[in-house]
Every structure is written in structure tokens, then in C-alpha cells.
Amino acid sequence: MSDGARPDPVLYPELASENGSLVAALRVISHRLGILLPGLVEAHPPQGLSVRFAAAVKTEFGDIRIDMRPESRDVMLTISMPLIGVAGSGSTTSLKIAVEIAQAWQSGMPLAEMSSNWGFLNFSPKALAHDQGAGVEFEWGVIRKLPPELIDQKMVEAAYVTPELRSLFPMPAHGSLQFRRRTISAPGSDIPSIFPAAGGCWTVISLHDPQIPRPTVSSAEEAVRLVVAGLPAGCGPAVEVIHAARRKARESHANDQSERHTKRDRM
């Protein structure tokens, strides 16, 4: 690019023809391909780039950013998800490919399939797990490997081997082990939590209601039994929020495609 406001017409002729607007260029390309990108908006660019050279496609399960590198023909793609942050990234020289990837993302194509289709895309193990509906299992695996200075593994194992708690989404915090009904949720929970107490004991605390007694017990196993006894009715397994949202997007995309084909056949 020749400066911070105008695209280099040699490097980026698509942008130059649209007065330097990446969003406008992506709309032209998507229209040519017969692709709809309803969530396409301008995005805040990386430091040093003009806002006109950054775009994003927003969905309820996260965003895909498209940024243009100024010194060379390089289209950078960054996919972010709630809870996870940056879930994957890659780069290409083709805006057409960027549009196809954005469409795949918003239509809920599984991340593993996206990585297979476009080999330059790399996704984190955490993102792949949540996308596949294995976010709860993944988080338990992470917590079970935490060092003892962060959390007591005897307490973690006592909870993990208990089916009622193993099916919930675990969250460690300051040595405590908390549980959620959903893999992504607002702060707070109606499920009791286990906190370390003096003398190697454990206190079971219902953070959502300070009026509920906070018993302190001498063993992790006893603390786990108290948590199970305090579970709300119908609690668990935890809802895999990202997986459910992306599966819904796939179903919606399949229905849209079916309707398009039906209309085309009737013409």
C-alpha cells in the first residue's frame, strides 16, 4: 500500500477499484460468488493500518477478521470465539478465498473441516474441542494437569470421578473449583463451589446466595458429596454453547441452500 489511507493499486486492485474500502471489495467478490455475508462490517485494524483495510464477519459464536498487510499482498484471517479468544488464524493472497472462508465460518462448517479445506488455517486444540462439543472434557483435562500451587489435585480428582460433577463445566479460581451449567455463561452460578480452607479442609460455598450455610469439611470427598447434594434439579450435563450455536448455523445454512435449490427448480 502506498500510504496509510490509499491501497497500492498493484498489490490490491480490488480495493483500489472500491476507493480503498475492504468491506466494499469483499461485498463485490461475495456477490460475484453468490455468497451472502450478512455480518460483514468494518473492523478496528491492527496498529498502523487504516480502518478501511480491516473487516470482520460477526456471528453469535464469534468473529472472523480480515486484515490487509500493507507491505505485501497478504490477507490475514483471525477467528475469535467467546471464552476462547483467538481460536485460529492463517493468511492467503486471495480475497476470493477469504470470502469463501468467511462464508464457511458463518455457516458453521466444523473447524476441522475448514482446516482440511484450507491447509493454511490453524486452530487451537481448545477451539477444536469446543467446536466438536467436547469443551467440558477438554477443560477437565486442562485442570487435571494444573500444578499443585494452583489447585489441589486430590480435590479435582474427587470431583472428576463423580459423574454428576464431571458432566458440568469446571472453572478453577484462586484454588477453588467451581461448576457451570453452560460452557459460556454470565459470572456466578447456582451450583455450590469448593474452596480450600485452613488445615487442609474444604469449604462448600453457594456463591449465588450468601444466606446458604457454608460447611467446612475435612476431606475432598466429603466436600464433593455436599456439592452433589446441593445441585439444583435438572442440573447437567453442561450445555456446549459454541457447539450448539455452530450446529444451529449449519442447519440454517442447509435449509437456506435447500430453499434456493427448490426455487431454482421451479423457475
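My aim in this report is to walk through the structure given alongside it, one point at a time.

The rules behind each value
- Residues numbered from 1 in each chain as written.
- Predicted model: local features only at pLDDT ≥ 70, side-chain atom pairs only at ≥ 80, totals over all residues.
- Heavy atoms only, no water.
- Pairing = 2+ DSSP bridges.
- Helix = DSSP H or I, 4+ residues; strand = E, 2+ residues; numbered from the N terminus.
- Contact = heavy atoms within 4.5 Å.
- Axes fitted to C-alpha atoms, helices over the stretch in contact; angles between N-to-C directions.
- Buried < 20%, exposed > 50% of the residue type's maximum accessible area, 1.4 Å probe, protein only.

Let's talk about the sheet that holds strand β4 (residues 75-81)
So, step 1. Across the sheet, six strands lie side by side as β1-β2-β3-β4-β5-β6; this open sheet has antiparallel pairing. Either end of the sheet is taken by a strand with one partner, and the two such strands are β1 (40-42) and β6 (122-123).
So, step 2. Both strand β2 (residues 54-59) and strand β3 (residues 62-68) contribute to a ladder of six bridges, which runs antiparallel. Bridge pairing links Ala54 to Asp67 in β3.
So, step 3. Of the strands in this sheet, β1, β2 and β3 touch helix α2 (residues 22-33), which is tilted by about 160° from β1.

Topic: unusual backbone geometry
So, step 1. Of note, the amide linkage connecting Gly236 to Pro237 takes the cis form, showing an omega dihedral of -10°.
So, step 2. Its location among the elements puts Pro237 in the loop between α9 (220-229) and α10 (241-266).
So, step 3. Positive phi outside glycine occurs at Leu83, with the angle close to 75°.
So, step 4. Among the secondary structure elements, Leu83 is positioned in the loop between β4 and β5 (85-92).
So, step 5. Overall, Leu83 belongs to the partly exposed group, its relative accessible area being 42%.
So, step 6. Non-glycine residue His174 carries a positive phi angle of around 55°.

So yeah, pure geometry; function would need other evidence.
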